[in-house]
There are 2 protein chains.
Amino acid sequence: MRYVVIMAGGSGTRLWPLSRKGTPKQLLKLIGGRSLLRLAFERARRLVPDDRILVVTGAPYLDEVAADLPEVAPGNLLGEPEGRDSLNAVAWPAAVLAHRDPDAVIAQLTADQLIEPLDAFVEALEEAFDVAEADPRNLVTLGVLPTSPHTGYGYLHRGPALPGFPTACRVLEFREKPDAATAAAYLASGDYWWNAGMFVWRATTVLDQLAALEPDTHAKVSELAAHPDRLNEVFPTLRKTSVDFGIMEPVSQGATDARVVAVALPIQWRDMGGFASLAEVLAADPAGNVVDGDGVLMDAEGNLVINTVPGHVVSLTGVSDMVVVHTPDATLVTTLEGAENVKALVAQVASQAGARYV
Amino acid sequence: MRYVVIMAGGSGTRLWPLSRKGTPKQLLKLIGGRSLLRLAFERARRLVPDDRILVVTGAPYLDEVAADLPEVAPGNLLGEPEGRDSLNAVAWPAAVLAHRDPDAVIAQLTADQLIEPLDAFVEALEEAFDVAEADPRNLVTLGVLPTSPHTGYGYLHRGPALPGFPTACRVLEFREKPDAATAAAYLASGDYWWNAGMFVWRATTVLDQLAALEPDTHAKVSELAAHPDRLNEVFPTLRKTSVDFGIMEPVSQGATDARVVAVALPIQWRDMGGFASLAEVLAADPAGNVVDGDGVLMDAEGNLVINTVPGHVVSLTGVSDMVVVHTPDATLVTTLEGAENVKALVAQVASQAGARYV
C-alpha cells in the first residue's frame with residue numbers, strides 16, 4: 001500500500017522571531033492561518049488516506065505537530081530524539097513502515113515550500129508511485145523544472161526516458177549548488193531539473209540500499225522498528241549524513257543494482273527560506289506593504305509587517321522595504337536585505353539577551 | 001513666602017507610543033529612570049521647601065503625578081478638569097496661593113525641558129524672586145540666551161537694565177516665532193532672549209493684572225480659590241488664552257501700571273519635543289545607537305531604541321537612523337526624520353486600530 005511520510009524538522013532561525021527552537025518554520029501559521037506542515041498534510045491526503053500519512057519531526061515538536069494535525073494518529077508521529085540529518089529521516093520511517101507492511105511504498109515529502117498548482121503535484125506523485133511500484137529497482141526522485149539559474153539548489157542531470165511513463169527518466173548525476181555560470185548552462189541545456197528533495201520508493205528497496213551502502217544504519221533502524229522503546233538509546237548513534245550522500249549519489253553512480261529515476265514535478269515552488277520569500281508569497285496592499293496582524297502604516301511602502309500579538313498595534317511611518325516582526329517576547333526590525341542576516345542576529349540575541357529568546 | 005508652581009500638562013503625542021492621552025511626556029521616565037516632571041521637582045526643591053511646591057496638571061494625570069511626586073501633598077496638586085491654555089494654568093494657582101498666603105510670590109515653571117547647569121538655574125530664579133519681591137509692579141519673565149536663530153521660539157526684546165540686579169532688564173516687546181531672517185537679526189543684535197515661558201511674580205500682582213485685563217477670569221479663579229468644590233462647574237467656562245496674550249503682551253505695551261522685567265537664565269535647555277531631541281540627550285554607544293531597555297543591535301548605526309517591556313527583546317540588524325519604540329500595547333518603527341510625523345500617525349492609529357492605543 002501507499003504511504004506518505006512528511007519531513008518537518010529543522011529550527012528555522014531565518015524566520016526568527018516567528019520561528020524558534022521550539023517552533024520550527026513548518027509549524028508557523030503563516031499562510032492564511034495555516035502552517036506549511038498543514039499545507040503539506042493537505043497535499044498528502046490527496047494521495048493516501050489519513051491513516052497512511054506519517055510525520056517525522058523533532059521530538060520536542062511532537063505536541064505542536066499533534067495539535068496542528070489532529071487527523072494523524074500518535075503512532076504515525078515519529079519524533080527524532082535529535083537531528084541526525086536526512087538519511088535517518090528517510091531510513092527510520094522506511095524501517096517502521098516495512099515492519100508494518102512489507103509492501104509499503106513511500107512518498108517522502110518535504111514541508112518547506114508553497115507548491116502550486118496542487119493538481120499537477122498530485123499527478124506527478126501518482127506517476128512517481130507508479131514508477132516505484134513498476135520495478136523494485138526504482139528509487140524515484142522528483143525534479144522541478146527550473147525557471148532560473150538558481151545557485152542554491154541541487155540539480156538532477158536527466159538521462160534516457162523510461163518507456164511507458166509520461167515524464168520519468170533516468171538520472172545520470174546529482175549536482176549540488178553549482179556556480180552561476182554552470183547553473184546558467186544547466187538552465188540553457190534543458191537537461192537539468194532542480195532536485196526537489198522528495199522521493200518515492202518501496203520501503204524494502206530503500207532498506208536494501210541501506211543494507212548495501214550503510215549497513216550500520218540499516219541494522220539500527222531495523223532494530224528501532226522492532227523495538228521502538230530503544231529509540232532514545234539507538235537514534236543518537238545513527239551516522240549523520242544526507243540521503244543524497246548516503247543513497248542517491250552512490251546509486252546513481254552504479255553502486256548497487258538499483259537505479260535513480262526522476263519524475264517531473266511541473267509546479268511553481270517557493271521555498272520559505274526567509275522573510276524575503278515570505279514577503280513575495282503574502283498578499284500586498286496597493287502601497288506594496290504586506291501586513292499580517294494589527295498594523296498601521298502611514299507614508300510607508302514595500303514593508304513586511306508581521307504581528308502575532310492580538311491587542312498590540314505595530315505602526316510604521318516614513319520607512320520602506322523594512323521587515324518588522326512582533327511576537328510576545330521578541331521584536332525584529334530589519335530590511336528585506338538585512339533579513340538575510342537574521343541567523344547571525346539570532347546567535348547574538350542568544351548570547352546577549354538570553355537563550356530563552358531563540 | 002516663596003512658592004513654585006510646576007506646569008505639567010499636554011498630551012505629548014509626539015513621543016507616542018511612550019506618551020499617551022493618560023501619560024503626557026512630562027511623566028515619562030525617560031532620563032535615567034526619572035521623568036521630566038521629577039527633574040522639574042528636583043529643581044524646584046532647590047528654591048523652596050517641598051510643602052511650597054504645587055503642580056498644575058490635567059485631572060486625568062493626578063494619580064500618576066502623585067505617584068511620581070510622593071513628596072507633594074494632595075492639596076498642592078491642582079488638576080484641571082480640561083485644558084484651558086496657559087493663562088488659566090497661571091491664574092488658578094495664583095488665586096489659590098493668594099487665598100492661602102496674601103504675600104505669596106510664585107515661580108511658575110515648566111517641565112518640558114532638560115536644563116543644565118542646575119546651579120545657574122537656581123541663581124537666576126533667586127534673582128527673579130528678588131526682583132518680584134522688590135517692587136509689586138514687577139512681572140518677571142525668564143530669558144534664555146539664544147544660541148541659534150531658532151524660529152520655533154518666542155523672543156523677548158530687552159530694554160534698559162534694572163539698577164541693583166545682576167541681569168534684570170525691562171522687556172520692550174514680545175515676539176512670537178519670527179521668520180528666519182528676523183531670528184538671525186535678533187541673534188546678531190544681542191538684544192533678544194528666548195522666552196522661557198517661566199515667570200516669577202507676587203500672586204496679588206498677577207491677580208491685579210487679571211482684574212484689569214481679564215476681569216471674568218479674575219472673578220472665576222477667585223471664586224475657585226474660595227470654593228474649590230465648584231471646580232468642575234467653573235473651570236471649563238474660563239476663557240481659553242495664553243499668558244502671553246492675556247497678560248504679558250498688554251502689560252509690556254503699557255496697558256496697566258505694572259511692568260515686564262526679564263531675568264537672564266544662562267542655561268543649556270533642550271526641549272523634549274520629539275524623538276530626535278530625545279536621541280540627542282540620551283547617551284549613545286560607540287556605534288551611535290541609543291538603547292534604553294532590552295535591545296540587541298548587529299550591523300546597526302545611529303538608531304534610537306526604547307523598549308519599556310521587561311522580558312521582551314527588541315533586535316535590529318542592517319538598519320541605521322531608525323527610531324524603534326516598544327511598549328506593552330504599541331510599537332513604533334520610523335526614522336529620526338519620520339519621527340516628526342508621529343503626531344499624524346497617532347491620529348491614524350486612533351482611527352484605524354482604536355482610540356485605546358493613543
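Since this is a predicted model, take the numbers as computed values, not measurements. (Residues numbered from 1 in each chain as written. Chains lettered and ligands numbered in written order. Predicted model: local features only at pLDDT ≥ 70, side-chain atom pairs only at ≥ 80, totals over all residues. Heavy atoms only, no water.)

A. Representation of the sheet that holds strand β14 (residues 304-307) of chain B in the model. As summarised here, the arrangement of the 6 strands in space is β13(A)-β15(A)-β17(B)-β16(B)-β14(B)-β12(B), forming an open sheet in which the pairing is mixed. Each edge of the open sheet is held by one strand with a lone partner, namely β13 (295-298) of chain A together with β12 (290-292) of chain B. Neighbour-to-neighbour, the strand axes of this sheet turn through a mean angle of 5 degrees, independent of strand direction. Where β13(A) lies against strand β15 (residues 313-317) of chain A, 4 bridges are found, and the strand directions are parallel. The partner of A:L297 across the bridge, within β15(A), is A:L316. Its contacts with the sheet place helix α11 (residues 342-352) of chain B against β13 and β15 of chain A together with β17 (330-335) of chain B, and it is angled at close to 140 degrees to β13(A). (Pairing = 2+ DSSP bridges. Helix = DSSP H or I, 4+ residues; strand = E, 2+ residues; numbered from the N terminus. Axes fitted to C-alpha atoms, helices over the stretch in contact; angles between N-to-C directions. Contact = heavy atoms within 4.5 Å.)

B. Looking closely at the UniProt feature "domain: MannoseP isomerase/GMP-like beta-helix" (unreviewed entry) in chain A. Taking the numbering used here, the UniProt-annotated feature "domain: MannoseP isomerase/GMP-like beta-helix" (unreviewed entry) corresponds to residues 295-348 of chain A. From the first C-alpha to the last, residues 295-348 of chain A spans 27 Å; its make-up is 13% helix and 44% strand. (UniProt positions renumbered as here; feature names shortened; annotations may be inferred.)

C. Representation of the environment of A:T13 within the structure. Residue and element names in this part refer to chain A. Relative to the helices and strands, T13 resides in the loop between β1 (2-8) and α1 (36-44). Exposure remark for T13: the relative accessible area of 24% places this residue in the partly exposed category. When the C-alpha atoms of T13 and V305 are compared, they prove to be 18 Å apart, with 292 residues separating the residues in sequence. (Buried < 20%, exposed > 50% of the residue type's maximum accessible area, 1.4 Å probe, protein only.)

D. Examining the packing of aromatic side chains more closely. What the rule picks out here adds up to 12 aromatic pairs over all chains. Between B:Y153 and B:W194 the ring centres are 4.8 Å apart and the planes differ by 70 degrees, which places this aromatic pair in the edge-to-face class. Residue B:Y153 is found in the loop between β6 (138-144) and β7 (155-161), and its partner B:W194 is found in strand β9 (residues 192-202); the two are separated by 41 residues along the sequence. With respect to class, B:Y153 is no different from B:W194; both count as buried. In textbook terms, an aromatic cluster arises when at least three aromatic residues are bridged by ring pairs, as seen for A:Y153, A:W194 and A:W269. Sitting over the face of the ring of A:F121, A:R43 holds its NZ or CZ atom 5.6 Å from the ring centroid. (Phe/Tyr/Trp six-rings, centres within 6.5 Å; stacked < 30°, edge-to-face > 60°. Lys NZ or Arg CZ within 6 Å of the ring centre and 35° of its normal.)

E. Main features of the interface of chain B and chain A. Taken together, the contacts link 36 residues of chain B with 36 residues of chain A. Where chain B abuts chain A, roughly 2800 Å² becomes buried across the two surfaces, and 62% of that area is made up of carbon and sulfur atoms. Run the count over chain B and chain A and you get 0 salt bridges. Summed over the shared surface of chain B and chain A, the result is 21 residue pairs in polar contact (both at pLDDT 80 or more). Contributions of two or more residues to the side of chain B that touches chain A are made by β13 (295-298), β15 (313-317), β16 (322-326), β17 and α11 of chain B. Of the residues in the side of chain B that touches chain A, the class split is 19 nonpolar, 15 polar and 2 charged. (Buried area = accessible area lost by both parts, 1.4 Å probe. Salt bridge = Lys/Arg side-chain N within 4 Å of Asp/Glu carboxyl O. Polar contact = N/O pair within 3.5 Å; in protein donor to acceptor, adjacent residues only side chain to side chain. Nonpolar A, V, L, I, M, F, W, Y, C, P; charged D, E, K, R; others polar.)

F. Quick peek at the domain arrangement of chain A. Residue and element names in this part refer to chain A. On domain assignment, one finds that chain A holds domain 1 (2-271) and domain 2 (275-357). For domain 1 versus domain 2, the distance between C-alpha centres works out to 31 Å. Contacts between the two partners involve 12 residues from domain 1, matched on the other side by 22 residues from domain 2. For the pair domain 1 and domain 2, the summed buried surface comes to about 1500 Å²; carbon and sulfur atoms form 66% of the total. Among the residues domain 1 hides against domain 2, the three largest losses belong to R14, W16 and L18. Together they make up 42% of the total. One can count 3 salt bridges joining domain 1 with domain 2. Between R14 and E340 there is a salt bridge whose closest N-O contact spans 3.3 Å. Counting across the domain 1 and domain 2 interface gives 6 residue pairs in polar contact (both at pLDDT 80 or more). Residues that form the side of domain 1 that touches domain 2 fall into these classes: 7 nonpolar, 1 polar and 4 charged. (Domains from an automatic or database assignment.)

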